[in-house]
Amino acid sequence: MKTQDSSWYCMVDGIVYPKFVTEEKINTILTRFKTRNEDIFFVCYIKSGTTWLQQILLLLNNQGNQPNLTMKEAFPWLEFCLPPCSDIAREHSYEYFESLPSPRILTFHGWPHLIPEGLPNTKYIFLIRNPKDVAVSMYHHLKGKKSISYQGNWDDFFELYLSGQVHYGSWFDFHLHWEKFLSSRQQVLYLTYEELQKNIKICLCKLAVFLEIKGSEEVIDKVAIGSRLDEMKKNDQADCNWMIINQNEAPHLRKGIVGDWRNYFTDEQNQRFNNLYTQKMSGSKFKDYWDESILGITL
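The structure presented is a predicted model; accordingly, all values stated were derived computationally and were not measured.

Engineer: Please explain the pattern of salt bridges as it appears in this structure.
Structural biologist: Any two side chains of opposite charge can pair, given that their charged atoms come close. Within the structure shown, the criterion is met by 10 salt bridges. Linking E212 and K123 is a salt bridge whose minimum nitrogen-to-oxygen distance equals 3.0 Å. Residue E212 is found in the loop between helix 10 (200–211) and helix 11 (217–226), and its partner K123 is found in strand 5 (residues 123–128); the two are separated by 89 residues along the sequence. Classification of E212 by relative accessible area gives exposed; the value is 66%. Across the pair K280 and D173 runs a salt bridge whose closest N-O atoms are separated by 2.9 Å. Here K280 is found in helix 13 (residues 267–281), whereas its partner D173 is found in helix 8 (residues 171–182), with 107 residues between them in sequence.

What follows is the structure in structure tokens.
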């Protein structure tokens, strides 16, 4: 897996994207997609807890009960599900998006200049995760998915990640661009993966208020249980078993823990990452989202 090998990626506006993010699809999103006042965009960088939060949102919108509906059907991933899609079973036409009742919750991993124009009441849920844990999760994601089949080792991948030559580009630049974009939006809820791990019920209450959902204590309890990793792995609607995984590789729902990066980063890699993080994020509010015990760096 090298950026010179175009079998696993395509370039859109100079940013590395998965193969299914085509110029044609982006053009459809920007020129044809009509945003509604009630729309809610769920945005995060890849491998930041997308599937987990989608399951939370699905349960929260159904009083804690699991509907006979996949997350891709309920909250379609905009730049993935529109045709042409790499998985035809997950493909949704433009008309499907139009047919969804309001409020629509739409998942998006792209950069902000590629998202449809928002309206005054458009809401954004922005999920952020410790970038070191993101790196480890992405490494296993790219190795495990049959459609990508990354063959390199961790050291090789670390160099690609640090230079932003991975799907959805640089973690640093992605978040800095979104921070600027969201600073002018009125209705934004920021959540961290680590906060969800530590205080799930508090986060669920924040989400319920933001989405204007009446979430009783009983509903919050049901959502907290139904979104646990062990429960999701037993749930055909939530375990992403439609993804084809290479033999002997980790499933899509792998560990779901905080701090796994310490099992991968060498001291030298950690120092290099910390130096770049300090350089890039020193002026960002996101730098205050984690303490040294999580990120392993003090700014």
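Engineer: Explain the packing of aromatic side chains to me, please; I cannot follow it from the model alone.
Structural biologist: To describe a pair of aromatic rings, you give the distance between the ring centres and the angle between the ring planes. The tally for this structure, following the rule as stated, stands at 33 aromatic pairs. Relative to W178, the ring of F126 lies with its centre 6.1 Å away and its plane at 40°, an arrangement referred to as tilted. Residue F126 is found in strand 5, and its partner W178 is found in helix 8; the two are separated by 52 residues along the sequence. Across the pair, exposure class does not vary: F126 and W178 are buried alike. Ring geometry for W261 versus F265: centroids 5.6 Å apart, planes at 85°, classification edge-to-face. Residue class for W261 comes out buried when judged on its relative accessible area of 4%. With a relative accessible area of 8%, F265 lands in the buried category. A cation over a ring is seen here: R129 above Y193, with NZ or CZ 3.9 Å from the ring centre. In this structure, K132 is placed above the aromatic ring of W261, and the distance from its NZ or CZ to the ring centre is 4.2 Å.

Calculation notes
Residues numbered from 1 in each chain as written. Predicted model: local features only at pLDDT ≥ 70, side-chain atom pairs only at ≥ 80, totals over all residues. Heavy atoms only, no water. Salt bridge = Lys/Arg side-chain N within 4 Å of Asp/Glu carboxyl O. Helix = DSSP H or I, 4+ residues; strand = E, 2+ residues; numbered from the N terminus. Buried < 20%, exposed > 50% of the residue type's maximum accessible area, 1.4 Å probe, protein only. Phe/Tyr/Trp six-rings, centres within 6.5 Å; stacked < 30°, edge-to-face > 60°. Lys NZ or Arg CZ within 6 Å of the ring centre and 35° of its normal.

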